Amino acid sequence: MTDQVPHALRSDALDNRERILDAARALFSADGLDVPMREIARRAGVGPATLYRRFPTKQTLLGAAFADQLRACRDIVDEGCADPDPWRGLCLVIEKICELHARDRGFTEAFLSAFPGVADVAAGREHTVKAVAGLAQRAKAAGHLRSDFVLDDLILVLMANKGIHATSTATQVMASRRFAGLVIQAFEASPRHAPLPPAARLASAAPHNAPR
């Protein structure tokens, strides 16, 4: 019995941690980064003391909540930079980064914001910016990326991609893929107008008098 008690406590603590992180991700995505910590605790079904014991500050909670997305973002950028064709690598980065952000707008807000003290997010953003800058320079030198492209254009893409709203995550990702296709054609030095990914049915795009 003595051996089982610490194990049970560790299991409960792990369950609490996962509930807190799930609640935080959902609320950050729906309501932004300013959601109160007490609301996160309430959604997770734990007391504020339990929340603060696991995550003493919102900064530590943000870093933990988006750790998987930050790793995925780094992997995407590294994969694109490793491609011997810099334009193909840049296209891969745009496509996959847009999809990653479309799945979690809370992560997009954390990635784009200047929320103080979130070292992991800031480091991930810095890595992404530096890597994409080098990749863009190579794509320009190869004659595939338009010469007036600047890194701020990529920030505009992420901001616009964040604005995609759909009734389901699957539809949101579908719309993001088409958006990425349009962006890539806009960035290409000599567009070939390759076929775009399928269009997603977005409620806001339907005319009010459209037949049902």
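Residues numbered from 1 in each chain as written. Predicted model: local features only at pLDDT ≥ 70, side-chain atom pairs only at ≥ 80, totals over all residues. Heavy atoms only, no water.

## What about the side chain of Thr108?
As a reminder, the rule being used: Runs of H or I in DSSP of at least four residues are treated as helices and runs of E of at least two as strands, each being numbered from the N terminus. Only protein chains enter the calculation, and the probe is 1.4 Å; a residue is then buried if its accessible area is under 20% of its type maximum, exposed if over 50%, and partly exposed in between. As used in this structure description, the phrase polar contact means that two N or O atoms lie within 3.5 Å; if the pair is within protein, one of them must be able to donate a hydrogen and the other to accept it, and residues adjacent in sequence are counted only when both atoms belong to side chains. Throughout, a contact is declared for two residues whenever any of their heavy atoms are within 4.5 Å.
With respect to the helices, strands and loops of the structure, Thr108 is situated in helix H7 (residues 105-112). Relative accessible area serves as the criterion here: at 0%, Thr108 is assigned to the buried category. Reaching out from Thr108, the side chain makes a polar contact with the side chain of His101 at a distance of 2.8 Å. Once residues within four sequence positions are removed from consideration, Thr108 is found in contact with His101, Leu158 and Lys162.

## Examining the nonpolar core
Note the following rule: Nonpolar cores are built from buried Ala, Val, Leu, Ile, Met, Phe, Trp, Tyr and Cys residues. Side-chain atoms within 4.5 Å join them into one set.
Counting 52 residues, the largest nonpolar core has Phe28, Ile40, Leu61 and Ile94 as the members making the most contacts within it. Looking at which element gives the most residues to this core, the answer is helix H6 (residues 86-102), with nine residues. Sequence-distant contacts of Ile94, that is, excluding residues within four places in its chain, are made with Leu154, Ala180, Val183, Ile184 and Phe187.

## What to know about the packing of aromatic side chains
In plain terms, the rule: Centre distance within 6.5 Å is the pairing criterion for rings of Phe, Tyr and Trp, where only the six-membered ring of Trp is used; planes under 30 degrees apart are then read as stacked, over 60 as edge-to-face, and the remainder as tilted.
One pass over the full model with this rule turns up four aromatic pairs. Measuring from ring centre to ring centre gives 6.0 Å for Phe28 and Phe66, while their planes differ by 40°; the resulting arrangement is tilted. Here Phe28 is found in helix H1 (residues 4-31), whereas its partner Phe66 is found in the loop between helix H4 (58-65) and helix H5 (67-82), with 38 residues between them in sequence. Looking at Phe66, the relative accessible area reads 0%, which means it is buried. Pairwise contacts between aromatic rings join Phe28, Phe66, Phe107 and Phe111 into one cluster.

## A closer look at H4
In terms of burial, H4 is a largely internal element, six of the eight residues being buried. Those residues of H4 not exposed but buried are Lys58, Leu61, Leu62, Gly63, Ala64 and Ala65.

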